[in-house]
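Here is how the chains run, residue by residue.
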Amino acid sequence: ERVRSADKLLSSSFSAGGTILAVGSSDGDIFTYTIRGELGLPVKDQTLEGHSAMVITLTFAKRSLRFVSGSKDGTVRVWGRSNGSWDQVVCNARTRVVTDRDPKEQIDVLFSQWSNNENRVLASCSDTSIRMWNMSGELIQVFMGHDDEAYFVQEHPLVADILVTCGHDGHIITWSVESGVALNTFLNVIEGEGRASVLEASFTPSGENLLTVDANGHISVFGHEMLADYISVPREQFFSSDYLSLIRDRFSNVLDEQTELPPHLVGPPYMVDQQGMALPPQVQGLIPGRHFLSPSDIILLKKKKVLTATLR
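In this text, all values refer to a predicted model and were calculated from it rather than measured experimentally.

1. Description of the confidence of the model for the protein chain
This prediction gives the protein chain a mean pLDDT of 86; 88% of its residues lie at or above 70. The low-confidence segment residues 300-312, where pLDDT is below 50, has 41 contacts with residues more than four positions distant or belonging to other chains.

Laid out in structure tokens, this is it:
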């Protein structure tokens, strides 16, 4: 649905039960839909007004009918449904907390989400600050330590006072939620390449390890001790199809250049190292489409670069 021709839908989130969909638009409006019928088709419910700029992040709570939205207007809003309508609480991110930046600089919200117990809201802002509000919209904590934008903010799954943030500055910082003090800082430096932006991270369910992904394609594992399962994993993992060329046919459909097939119809690729050499058969068997084959059934191009998958 496009109400005005220039509008774009930038963010979306389903409620925990999957019956309500919220969608954020480029003009600041949020549209809510109810999923109805056997086909699960969305039916437009309401248009929520409040933001004055594009809504770039939306996240529903897992335990209640509430969602949080973040916008380039410098606000985070907590929306809760009551008696058929949506009430909102405004969390202002335009309050100055960084004194050495241009006072005329506009502060935008980059990312927002719930705390683990869903009684607080966290947001990453364009002034490199990480902010926390309570459900009344009161700013209760500010975390300062990054020197570039941070897009990962997550509390520890078991220890309520621990918060981890990762940023484009390459820093991975562990914080005390209560004091706002950085407990530990790690700089992601790649030998011969310098610092690499950390784009995403996740705790293991036990909370004992943290996995991060950086802009150079590395997955790093942090924890108290290195597990044998991680040590045995090949350090370089690429699909043989990662850099194959694509073309378009006369109908503008995308095709694999070598096979002239749509990419989703091309057989499963091989797993290779950085030089294009095939990894061992037990690794190939982990690729979807090859998992049902025994190692003896997997055709490998040994001591040669794998250019394409031959299994169809």
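2. Details of the pairing of strand β14 (residues 162-167)
Burial of β14 is extensive: six of the six residues sit out of reach of the surface. Along β14, one buried face is formed by I162, V164 and C166 and the opposite face, lined by L163, T165 and G167, is buried too. Between strand β13 (residues 150-155) and β14, which pair antiparallel and follow one another directly, the connecting turn spans six residues. Pairing between β14 and strand β15 (residues 171-176): five bridges, direction antiparallel. Following the sheet pairing, V164 is matched in β15 by T174. Hairpin remark: β14 followed by β15, antiparallel, with three residues in the connecting loop; positive phi at G170, about 85°.

3. Quick notes on the pattern of salt bridges
Side chains that carry opposite charge are capable of pairing whenever their charged atoms lie near each other. The full count for this structure, using the stated rule, is seven salt bridges. Across the salt bridge formed by E155 and R120, the nearest N and O atoms sit 3.0 Å from each other. Taken as a pair, E155 in strand β13 and R120 in strand β10 (residues 120-125) lie far apart in primary sequence, 35 residues in all. R120 matches E155 in its accessibility class, with the two residues each being buried. Ionic pairing is found between R195 and D147, a salt bridge with its closest N-O pair at 3.7 Å. Taken as a pair, R195 in strand β18 (residues 194-195) and D147 in the loop between β12 (139-143) and β13 lie far apart in primary sequence, 48 residues in all. Salt bridges here are not isolated pairs; linked through shared partners, they connect K72, R94 and D108.

4. What about the side chain of R77?
Checked against the element boundaries, R77 lands in strand β7 (residues 75-82). Despite its burial, R77 pairs with no opposite charge; the closest candidate is D73, at 4.2 Å N-O. Side-chain polar atoms of R77 contact the side chain of H51, separated by 3.4 Å. Beyond its immediate sequence surroundings of up to four residues, R77 is in contact with G50, H51, F67, V68, S69, Q88, V89 and V90.

What counts, and where the lines are drawn
- Residues numbered from 1 in each chain as written.
- Predicted model: local features only at pLDDT ≥ 70, side-chain atom pairs only at ≥ 80, totals over all residues.
- Heavy atoms only, no water.
- pLDDT = per-residue confidence, 0-100.
- Contact = heavy atoms within 4.5 Å.
- Buried < 20%, exposed > 50% of the residue type's maximum accessible area, 1.4 Å probe, protein only.
- Helix = DSSP H or I, 4+ residues; strand = E, 2+ residues; numbered from the N terminus.
- Pairing = 2+ DSSP bridges.
- Salt bridge = Lys/Arg side-chain N within 4 Å of Asp/Glu carboxyl O.
- Lys, Arg positive; Asp, Glu negative; His and termini not counted.
- Polar contact = N/O pair within 3.5 Å; in protein donor to acceptor, adjacent residues only side chain to side chain.

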